[in-house]
Amino acid sequence: MEFATFILAAQRGYHQSCDSVIGNSIEQTIASEQAGFNTAWFAEHHFNNYSLVPSPLMMVAHCAGLTSTIRLGTGVCVLPLYQPQRLLSEIGFADIVSNGRLELGVGSGYQQFEFERFGVDVDQAPAVFAEYLDILLKGLNQKVFEHNGQYEKIPLTAISLRTIQRPAPPIWIACGSARSMCRAYREGHNLFVTAFHNGLENLRTLRETIEEAAASRGKDVTAAKIGLLRCCYASDDQAEIDSYLDNARFQRRLSEALHQRRQQSRDGYLLQETPTQQDLSFETMRQNLPIGSVSRVIDRLLEEISILKPDQIAIQTQLGDFDQKTMLRQIELWGDKIIPAINKSLGQVKA
């Protein structure tokens, strides 16, 4: 089982400076490598405090010089907000400076607040994403390519910066629908999925949807790697757990508001956190998620792995204003105890 950290780089309020948020995110990446995590993922968002990383490829390029073994992923590049021609060169650059450690996650995006400020219609995002991914695949796999599509007309073009990984870095699609899962299986890409803060039943449904997508393309479900984004936290300190849950719920509130196109901003930047009917209690979140003592987290993760059968679990480490020193200790704890225990148990099951 691969383990990753997912770094959102959130800013919960003005008591956190933007430079401290980015600095903490970089520090968590270095700690993740030291703890033995396989990958560090970086989000992409714009124009508000939900996430401060405007370009995950810039984070990859920077962290490439501070690490040597951990793979560095874009989680995800929001394709409709890019010129695919330029993005191809930046992908090549990031893979070169990371010495072939780039994991390329892509998605269509969903936040109208962001799209409006780029002059892009969010309702066209799925169609634009589909075409732009076609362009990326051409540029990554062909020395010279051209494209004549609905949204882009590209004459015969060569990309000067070629990736070290051939023919391309692993491509992960953020799969929020069966359609995106089907494309991943059709073209041999990996799947990045989330169960949000829901429990085992949601994971069962998610697994069924993945299996149906694979079958619809005549593929074995193991033909693609499955990555699960999950909130997880191990501690016997209830105050620590409550702080983690509070920050996880904060992030979910902002995400839901942006997804539902509610612009909750008083000053044009800082989004207002508003409780909703979809909020889960801390008790329900503890029941649904791998959260609690070390043994509880290990047992719960093993149960979730048996249901979803993912190849990678990406735990959310950078949430809201959770204490940085405490999170660095948490990352170390995963490397010391949780990851080895889970892999030992999985090895015994396979044996």
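Throughout this description, residue numbers start from 1 for each chain and increase along the sequence as written. Under the rules for a predicted model, residues below a pLDDT of 70 receive no local features and side-chain atom pairs below 80 are neither given nor counted, while totals for whole chains, interfaces and linings still include all residues. Side-chain descriptors were evaluated using all non-hydrogen atoms of the structure, hydrogens and water having been removed beforehand.

Participant: Please explain the overall build of the chain as it appears in this structure.
Facilitator: Along the backbone of the chain there are eleven helices and twelve strands. Throughout, the radius of gyration refers to the C-alpha atoms, and the reference size of a globule is 2.2 Å times the residue count to the power 0.38. Relative to the 2.2 N^0.38 estimate, which gives 20 Å for 351 residues, the radius of gyration of the chain is 20 Å and therefore close to what a compact globule would have. For the C-alpha atoms alone, the extent of the chain along its principal axes is close to 60 × 55 × 40 Å. Counting every position in the chain, which comprises 351 residues, the buried fraction comes to 55%. Any two residues whose heavy atoms approach within 4.5 Å are treated as being in contact. Counting contacts in the chain only where the partners sit at least 6 residues apart, residues at least 24 apart contribute 74% of the total. Strands are runs of DSSP state E lasting at least two residues, helices are runs of H or I lasting at least four, and both sets are numbered from the N terminus onward. Only protein chains enter the accessibility calculation, which uses a 1.4 Å probe. A residue is then buried if its area is under 20% of the maximum for its type, exposed if over 50%, and partly exposed in between.

Participant: Is there a simple way to explain the packing of aromatic side chains in this structure?
Facilitator: Pairs of aromatic rings are described using the distance from one ring centre to the other and the angle between the two planes. Stacked, tilted and edge-to-face pairs are distinguished by plane angle, under 30 degrees for stacked and over 60 for edge-to-face with tilted covering the rest, among Phe, Tyr and Trp rings (Trp via its six-membered ring) whose centres lie within 6.5 Å. As enumerated under the stated definition, the model contains ten aromatic pairs in all. By way of ring pairs, the aromatic residues F6, W41, W172 and F192 are connected into one cluster. Whether a charge lies above a ring is judged from NZ of Lys or CZ of Arg, which has to be within 6 Å of the ring centre and within 35 degrees of the ring normal. In this structure, R252 packs its charged tip against the face of F196, placed 3.8 Å from the ring centre.

Participant: I tried to follow the sheet that holds strand β9 (residues 226-230) on my own but got confused; where do I start?
Facilitator: Whether parallel or antiparallel, the strands of a sheet pair through hydrogen bonds between backbone atoms. What makes two strands pair is DSSP finding at least two bridges between them. In spatial order, the strands read β1-β2-β3-β4-β7-β8-β9-β12; together these eight strands close into a barrel with parallel pairing. Ignoring which end each strand starts from, the neighbouring axes of this sheet average 25° apart. Bridge count between strand β7 (residues 171-174) and strand β8 (residues 190-194): three bridges; the pairing is parallel. Within β8, the position partnered with A174 by the bridge is F192. Lines fitted to C-alpha atoms define the axes, with helix axes restricted to the stretch in contact, and inter-axis angles between N-to-C directions lie between 0 and 180 degrees. Sitting on the sheet, helix α2 (residues 56-64) touches β2 (39-42), β3 (71-78) and β4 (102-107), and the angle it makes with β3 is about 165°. Each of β7, β8 and β9 is contacted by helix α6 (residues 178-187), which is oriented at about 155° to β8, the strand it contacts most.

Participant: Help me understand the environment of I22, please; the structure alone is not making it clear to me.
Facilitator: Relative to the elements of secondary structure, I22 occurs in helix α1 (residues 18-35). Judged by its relative accessible area of 24%, I22 is partly exposed. Residues I22 and Q260, spaced 238 residues apart in sequence, show a C-alpha to C-alpha distance of 27 Å. Contacts of I22, omitting those with residues within four sequence positions, involve A9, L52, V53 and M59.

Participant: Whenever I open this one, the pattern of salt bridges confuses me. Can you help?
Facilitator: Close approach of charged atoms allows side chains of opposite charge to pair. One side-chain nitrogen of Lys or Arg within 4 Å of one carboxyl oxygen of Asp or Glu is enough to make a salt bridge. Throughout the structure, instances matching the rule amount to 18 salt bridges. A salt bridge links E103 to R71; the nearest nitrogen and oxygen atoms lie 2.3 Å apart. Placement of the pair is E103 in strand β4 and R71 in strand β3, with a sequence separation of 32 residues. E103 gets classed as buried once you look at its relative accessible area, which sits at 6%. Ionic contacts of the salt-bridge type, sharing partners, join the residues R12, D246, R253, E273, D279 and D321 into one network.

Participant: Please explain helix α7 (residues 200-216) as it appears in this structure.
Facilitator: To estimate how far a helix should reach, multiply one less than its number of residues by 1.5 Å. Its 17 residues give α7 an end-to-end C-alpha distance of 24 Å, which sits within 8% of 24 Å, the value for a rise of 1.5 Å per residue. Within α7, burial applies to L200, L203, L206, R207, I210, A213 and A214. Relative to the axis of α7, the buried residues are bounded by an arc of 135° and lie together on one face. Along α7, the residues that are exposed and aim more than 90 degrees away from the buried face are E201, E212 and A215. Packed against the buried residues of α7 are α6, β8, β9 and α10 (294-308). Following α7 by one or two positions, G218 has its phi on the positive side, about 65°. Summarising the geometry, the arc corresponds to the directions from the helix axis toward the C-beta atoms.

Participant: Looking at this structure, I do not really get the pairing of β3. What am I missing?
Facilitator: The side chains of a regular strand alternate, residue by residue, between the two faces of the sheet. Counting buried positions over the eight residues of β3 gives seven, a clear majority of the element. For β2 and β3, the ladder comprises four bridges, and the chain directions are parallel. Its bridge partner being in β3, W41 is matched across the sheet by G73. This β-α-β element, β2 to α2 to β3, shows right-handed connectivity. The definition of a right-handed crossover adopted here requires that, viewed with the strands pointing away, the path from the first strand over the helix to the second runs clockwise.

Participant: Is there a simple way to explain the environment of Q272 in this structure?
Facilitator: Within the fold, Q272 resides in the loop between α8 (238-259) and α9 (282-288). The class of Q272 is partly exposed, set by a relative accessible area of 30%. In this structure, the C-alpha to C-alpha distance between Q272 and E212, residues 60 residues apart in sequence, is 39 Å. A polar contact is formed between the side chain of Q272 and the side chain of R266, at a distance of 3.3 Å. The term polar contact refers here to a pair of N or O atoms within 3.5 Å; inside protein, the definition further demands a hydrogen-donor-capable atom paired with an acceptor-capable atom, and it admits residues adjacent in sequence only when both atoms are side-chain atoms.

Participant: It is not clear to me how the side chain of E114 should be interpreted in this structure. Could you clarify?
Facilitator: Note that E114 resides in helix α4 (residues 112-118). In this charge count, Lys and Arg are treated as positive and Asp and Glu as negative; neither His nor the chain ends contribute. Lacking a salt bridge, the buried E114 has R117 as its closest oppositely charged neighbour, with an N-O distance of 9.6 Å. E114 has contacts with E44, H45, H46 and F47, leaving out every residue within four places of it along the chain.

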